[in-house]
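Each chain, written out:
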Amino acid sequence: MSKLVTIYGGAGFVGRYIARRLAKDGWRVRVAVRHPNEAMHVKPYGVPGQVEPVFCNIRDDASVASVMNGADAVVNCVGILNQQGKNTFAAVQAEGAGRIARIAAENGVGNLVHISAIGADAEAESEYAQTKAAGEAAVLEHFPGAVILRPSVIFGTEDQFFNRFAGMLGPVLPVVGADTKFQPVYVDDVARAAVKGVTGEAPAGIYELGGPDVKSFRELMADMLVVIHRRKLIVNLPFFVGNFMAFFFDLGQKLTGGLIKSALTRDQVKSLAVDNVVTEGAKGLADLGIKPTSIEAVLPEYLWRFRPSGQYAAIKESAKNLRHG
């Protein structure tokens with residue numbers, strides 16, 4: 001019988017790529033999510049019955065254990081950028097991660113892969129980074145043989161980074177922390193690394209995942225504007241302005257009970273003050289035998305819809321060249 005993997009958060013941005021790759025390799029994939037009815041897009045990744053969304057609340061022991069029953073490997077992709085209600089950073093990224101690792105160890109699961117983030121640091125200013133570090137510590141306490149992946153900002157078709165900024169209207173593109181460095185990593189490269197952890201090809205340990213390019217926030221936005229054929233003035237908002245704006249965004253989210261999501265949180269402003277790049281000497285994609293994919297190779301494949309002429313932009317450019325000839 002095919003081996004079984006349970007992927008917590010397997011219908012999300014990163015999780016779906018891991019699920020697709022493992023299904024292609026013949027694994028049975030159990031996708032553990034809060035809303036299975038909204039995760040039906042994963043079912044076509046395999047033959048009927050091979051990839052199945054199931055309900056799970058990672059804040060509950062019984063719920064986590066029920067979807068892990070019989071699993072040969074486990075992947076935890078659950079993470080949040082904006083805490084709301086009971087889904088706090090501590091509950092999801094620290095306690096939830098530890099719960100999954102503890103129950104995996106109790107169940108005798110063979111391999112555990114945990115998706116963390118570059119910048120995970122118990123001493124960080126950001127609560128997001130603090131709880132990512134707490135989650136890693138809890139995972140290693142219960143499952144010392146885990147593979148922990150720390151990606152920089154992740155890009156790909158469904159990302160909430162380039163898509164978000166490409167869709168902003170107006171002649172000005174405001175950013176907080178324009179000089180902060182990032183090392184964007186392609187989502188499918190992260191998935192390939194996770195698969196190596198699931199299959200046991202990757203030795204236990206922490207891997208920091210970054211792409212081939214290290215660029216400032218401003219430079220990344222400039223590259224994006226070139227891809228979408230638009231001219232905008234990139235304006236660097238001082239951190240105190242970002243904090244002022246984030247305060248009211250957070251307040252709006254709180255007063256509406258989360259109906260209006262905060263466009264920028266105060267915790268995110270803290271994160272934007274720190275470079276998000278692979279630490280010198282850290283194990284990374286190269287140690288896993290993975291050649292990182294460049295931004296230039298992927299952005300045009302999904303950002304074309306933000307161009308003034310959309311899918312017809314390339315045709316119009318070709319027509320111009322013909323006229324000039």
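Chains are numbered independently. Their residues run from 1 in the order of the written sequence. A pLDDT threshold of at least 70 governs which residues receive local features in this predicted model, and a stricter bar of 80 or more applies before side-chain atom pairs are shown or counted, although totals over entire chains, interfaces and linings include all residues. Note that water and hydrogens are dropped before the side-chain values are worked out from all heavy atoms of the structure.

## A closer look at the sheet that holds strand β4 (residues 73-76)
Rule in force here: In this description, strands pair whenever DSSP reports at least two bridges between them. By the criteria applied, helices consist of DSSP H or I runs no shorter than four residues and strands consist of E runs no shorter than two, each listed in order from the N terminus. Convention adopted: a line fitted to C-alpha atoms gives each axis, helices being fitted over their contacting stretch, and angles between N-to-C directions are expressed from 0 to 180 degrees.
Taken in spatial order, the seven strands of this open sheet run β3-β2-β1-β4-β5-β6-β11, and their pairing is parallel. In the strand order of this sheet, the two ends are held by β3 (51-55) and β11 (205-209), each with one partner. Across the sheet, the mean angle separating the axes of adjacent strands is 20° when strand polarity is ignored. Relative to strand β6 (residues 147-151), strand β5 (residues 111-115) runs parallel, the two being bridged by three bridges. Counted as the bridge partner of V113 is V147 from β6.

## Structural notes on the nonpolar core
Generally speaking, a soluble globular protein has its nonpolar side chains buried in company with each other. What counts, and what does not: Working definition of a nonpolar core: buried Ala, Val, Leu, Ile, Met, Phe, Trp, Tyr and Cys residues. They are joined through side-chain atoms within 4.5 Å. Exposure categories follow from relative accessible area, calculated using a 1.4 Å probe and restricted to protein chains: below 20% of the type maximum is buried, above 50% is exposed, and the middle band is partly exposed. Residue contacts are defined here by distance: any two heavy atoms, one from each residue, within 4.5 Å place the two residues in contact.
Judged by nonpolar contacts, the single largest core of 71 residues is most densely connected at V29, F162, M221, M224 and L303. In contact with F162, not counting residues within four places along its chain, are F155, L220, M221, M224, I295, L299, Y302 and L303. Core analysis: the second largest hydrophobic core is formed by 27 residues, V64, V67, F89 and I148 among them.

## Let's talk about the packing of helix α1 (residues 13-24) against helix α6 (residues 187-199)
Rules: Each angle is binned into one of four classes, with values under 35 degrees roughly parallel, values over 145 roughly antiparallel, values of 65 to 115 roughly perpendicular, and all other values oblique. The handedness criterion is simple: a crossing whose near helix is rotated anticlockwise from the far helix by less than a right angle is left-handed, and one whose near helix is rotated clockwise is right-handed. Residue polarity follows a fixed list, in which Ala, Val, Leu, Ile, Met, Phe, Trp, Tyr, Cys and Pro are nonpolar, Asp, Glu, Lys and Arg are charged, and the others, Gly among them, are polar.
Between α1 and α6, the shortest axis-to-axis distance is 8 Å and the interhelical angle comes to 55°. Comparing their axes, α6 and α1 come out oblique. With respect to the hand of their crossing, α1 and α6 are arranged in right-handed fashion. Of the residues in α6, those touching α1 at F13, V14, Y17, I18, R21 and L22 are V187, D188, V190, A191, R192, A194, V195 and V198. Residues of the contact of α1 with α6, tallied by class, amount to eleven nonpolar, no polar and three charged.

## Concerning the environment of A193
Inspection of the secondary structure assignment puts A193 in helix α6. For A193, the residues in contact, after removing those within four places along its chain, are L149, L209, L285, L288 and I290.

## Looking at the packing of aromatic side chains
For clarity, the threshold we go by: Aromatic rings from Phe, Tyr and Trp, with only the six-membered ring used for Trp, were paired whenever their centres fell within 6.5 Å, and each pair was classed as stacked if the ring planes differed by under 30 degrees, edge-to-face if by over 60, and tilted otherwise. In our convention, an over-ring charge means Lys NZ or Arg CZ found within 6 Å of a ring centre and within 35 degrees of that ring's normal.
Enumeration over the complete set of coordinates arrives at twelve aromatic pairs. On the basis of an interplanar angle of 50° and a centroid distance of 6.1 Å, the ring pair of F161 and F182 is categorised as tilted. Linking F161 in the loop between β7 (154-155) and α5 (162-166) with F182 in strand β9 (residues 181-182), this pair joins segments that are 21 residues apart in sequence. Here F161 and F182 have matching classes, each one buried. Each ring, one from F244 and one from F248, has its centre 5.1 Å from the other, and the planes form 70°; the classification is edge-to-face. Placement of the pair is F244 and F248 together in helix α8 (residues 239-255), with a separation of four residues, close to one helical turn. Taking the relative accessible area as the measure of exposure, F244 reaches 55% and is therefore exposed. Classification of F248 by relative accessible area gives partly exposed; the value is 44%. One aromatic cluster is present, formed by F155, F161, F162, F165, F182, Y186 and F217 through successive ring pairs. Directly above the ring of F165 sits R164, whose terminal nitrogen or CZ lies 5.7 Å from the centroid.

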